[in-house]
Amino acid sequence: MNDPRPDAELRERFQQLRSEDRSAAPDFAAMIGGVRDDGSREGAVPPVVRGEAGLGRSAWHGRRWVWAAGSLAAAAAVAAVMVFNPAARADREFERTIRSFAAASGGWRTPTDVLLDIPGSEITRTVPRIGAPDGLEGLNGAARRNRS
Amino acid sequence: MTPTELKAQLRWLHKESFGWALHCCGREEPDAEDVLQTTYMKVLSGSARFEGRSAFRTWLFGVIRRTAQEHHRRARLRERRAERLAGEADAFEAPQIERDLVRAESSRRLVEALELLSERQREVLHLVFYQDLTIEEAAGVMEVSLGSARTHYERGKARLRALLEEEKRERPAAGR
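In this text, all values refer to a predicted model and were calculated from it rather than measured experimentally.

Parameters at a glance
Residues numbered from 1 in each chain as written. Chains lettered and ligands numbered in written order. Predicted model: local features only at pLDDT ≥ 70, side-chain atom pairs only at ≥ 80, totals over all residues. Helix = DSSP H or I, 4+ residues; strand = E, 2+ residues; numbered from the N terminus. Buried ≥ 20, exposed ≤ 12 C-beta atoms within 10 Å, placed from the backbone. Contact = placed C-beta atoms within 7 Å. Axes fitted to C-alpha atoms, helices over the stretch in contact; angles between N-to-C directions. Parallel < 35°, antiparallel > 145°, perpendicular 65-115°, else oblique. Left-handed = near helix turned anticlockwise from the far one by under 90°. Nonpolar A, V, L, I, M, F, W, Y, C, P; charged D, E, K, R; others polar. Expected span 1.5 Å × (residues − 1). Arc of directions from axis to C-beta. pLDDT = per-residue confidence, 0-100. Core = buried A, V, L, I, M, F, W, Y, C linked by C-beta atoms within 7 Å.

K.L.:
It is not clear to me how the overall build of chain B should be interpreted in this structure. Could you clarify?
P.N.:
For chain B, the count of helices and strands is nine helices and zero strands. Counted from the first residue to the last, chain B has its helices and strands arranged as α-α-α-α-α-α-α-α-α. Looking at chain B residue by residue over its 176 residues, the buried ones come to 32%. Considering only contacts within chain B whose residues lie at least 6 apart along the sequence, 64% involve residues at least 24 apart.

K.L.:
Teacher, can you tell me more about the packing of helix α1 (residues 3-12) of chain B against helix α3 (residues 29-45) of chain B here?
P.N.:
Relative orientation and spacing of two packed helices are given, respectively, by the angle between their axes and the distance between those axes. All names here are of chain B. α3 packs onto α1 with a crossing angle of 155° between their chain directions and a minimal axis gap of 10 Å. Taken together, α1 and α3 sit at an angle that is classed as roughly antiparallel. For the element pair α1 and α3, the recorded crossing hand is right-handed. Every residue of α3 that contacts α1 at Pro 3, Leu 6 and Leu 10 is listed here: Tyr 40, Val 43 and Leu 44. Its residues assigned to classes, the contact of α1 with α3 shows six nonpolar, no polar and no charged.

K.L.:
Got a minute to help me understand the interface of chain B and chain A in this structure?
P.N.:
It is common to give the size of an interface as the accessible area that goes away when the parts come together. Contacts between the two partners involve 30 residues from chain B and, on the opposite side, 26 residues from chain A. Where the side of chain B that touches chain A is concerned, the elements lending two or more residues are α1, α2 (14-24), α3, α6 (105-115), α7 (119-130) and α9 (146-175) of chain B. Across the side of chain B that touches chain A, the residue classes tally to 14 nonpolar, seven polar and nine charged.

K.L.:
Would you take a moment to explain unusual backbone geometry for this structure?
P.N.:
With glycine set apart, most residues show a phi of negative sign, and most peptide bonds adopt trans. All names here are of chain B. One non-glycine residue, Asp 132, adopts positive backbone phi at about 60°. Note on placement: Asp 132 falls in the loop between α7 and α8 (135-142). On the basis of neighbour count, Asp 132 is assigned to the partly exposed category, with 13 C-beta atoms found within 10 Å. Backbone geometry at Glu 143 places phi at a positive 60°, although glycine is not the residue there. Looking at where Glu 143 falls in the secondary structure, it is placed in the loop between α8 and α9.

K.L.:
Please explain the packing of α2(B) against α3(B) as it appears in this structure.
P.N.:
All names here are of chain B. Between α2 and α3, the shortest axis-to-axis distance is 8 Å and the interhelical angle comes to 120°. In this view, α2 runs oblique relative to α3, as classed from their interaxial angle. In the packing of α2 onto α3, the handedness of the crossing is right-handed. In this structure, α2 contributes Ser 17, Phe 18, Ala 21, Leu 22 and Cys 24 to the contact, and α3 contributes Glu 29, Ala 32, Val 35 and Leu 36.

K.L.:
Would you take a moment to explain α8(B) for this structure?
P.N.:
Each full turn of the α-helix corresponds to 3.6 residues, which orients residues three or four apart in the same direction. Among the residues of α8(B), Glu137(B), Ala138(B), Ala139(B), Gly140(B) and Val141(B) are the ones counted as buried. Looking at the residues trailing α8(B), positive phi occurs at Glu143(B), about 60°.

K.L.:
Whenever I open this one, helix α1 (residues 8-24) of chain A confuses me. Can you help?
P.N.:
Residue and element names in this part refer to chain A. The terminal C-alpha atoms of α1, which comprises 17 residues, lie 24 Å apart, in line with the 24 Å expected from a rise of 1.5 Å per residue. Three or more residues of α1 are buried, namely Arg 13, Phe 14, Leu 17, Arg 18 and Asp 21. End-on view of α1: buried residues confined to an arc of 140°, all on one side of the axis. Exposed side of α1, more than 90 degrees from the buried face: Ala 8, Glu 9, Glu 12 and Ser 23 are the residues found there.

K.L.:
What's the story with the confidence of the model for chain B in this structure? I'm lost.
P.N.:
On average, residues of chain B score 84 in pLDDT, and 86% of them reach the 70 mark or higher. In the predicted complex, the global pTM is 0.55; the interface-specific ipTM is 0.75.

K.L.:
Looking at this structure, I do not really get the nonpolar core. What am I missing?
P.N.:
Looking at soluble globular proteins, one finds that nonpolar side chains tend to be buried together. Membership of the largest hydrophobic core comes to 39 residues, with the highest contact counts inside it found for Ala21(B), Val35(B), Ile64(B), Val128(B) and Ala138(B). Those elements that provide at least two residues to this core are α1 of chain A together with α2, α3, α4 (56-83), α6, α7, α8 and α9 of chain B. With seven residues, α3(B) is the largest single contributor of residues to this core. Residues within four places of Ala138(B) in sequence aside, it is in contact with Val124(B), Leu127(B), Val128(B), Leu133(B) and Ala149(B).

Here is the structure:
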């Protein structure tokens, strides 16, 4: 399958093409000059659409501090509004009053509260005791209360 | 490898790399320059990292080849858009015609004959005869097995020889 003829002629032709191409090769320094050490390419993006990516390191560094300070100021302003807002303060006072009233009234229950106490509901809240006359003392107690 | 060492290697291989980029871009110089610069950017930024599994040149040629393929895909998209703008095609072709006129007759015939080969055959012949790589190294660049590269090489070489001889026979006849 191998071609037995020598490759000298082909090689010579290729080498001629190669020498022509070499003379047309762009200057390495000019080409690499367009690539920064970090690998990014200078002028790859037009300045008008560069945005943050186009800023120099120090410029971006300075701008980052501006953003951080701005964010802190905004957070402080929101906190101040929450603390000193008169409407919010009135709400908190009302809540405090209701809580203190509920604490003072202690075990007060509505008159209709007993209607929620259905027969047998005690069984879900109590544990039958072993050795009691009947194991359903809690249930019987509830039944007695309902009868009375 | 430090950035300085990488730069030194790239500088050392710059002309060969340009020749390979030129081949990968169908001998379009502006495309080859763009592909080469993108390759340098990849290498220096570390997005293409040399890990010493092959010779630096073999690895670099592989990166150039892949970059050219990406470039062609993007170029095809651009071409489709450009096709909509009728009448501008001539402006794109003019510089290429100019370069072809300047090119030596022998080289022009070689390039024309190469264009009649399959892409794989063209690649392996370029890498072996133009870049002086071994078939094994060419197989590494082309990302094919050694056996496959050898087959492309033998078939390509035979076909190229036949085309050049055919052209040689026809030329005196045409001159009469």
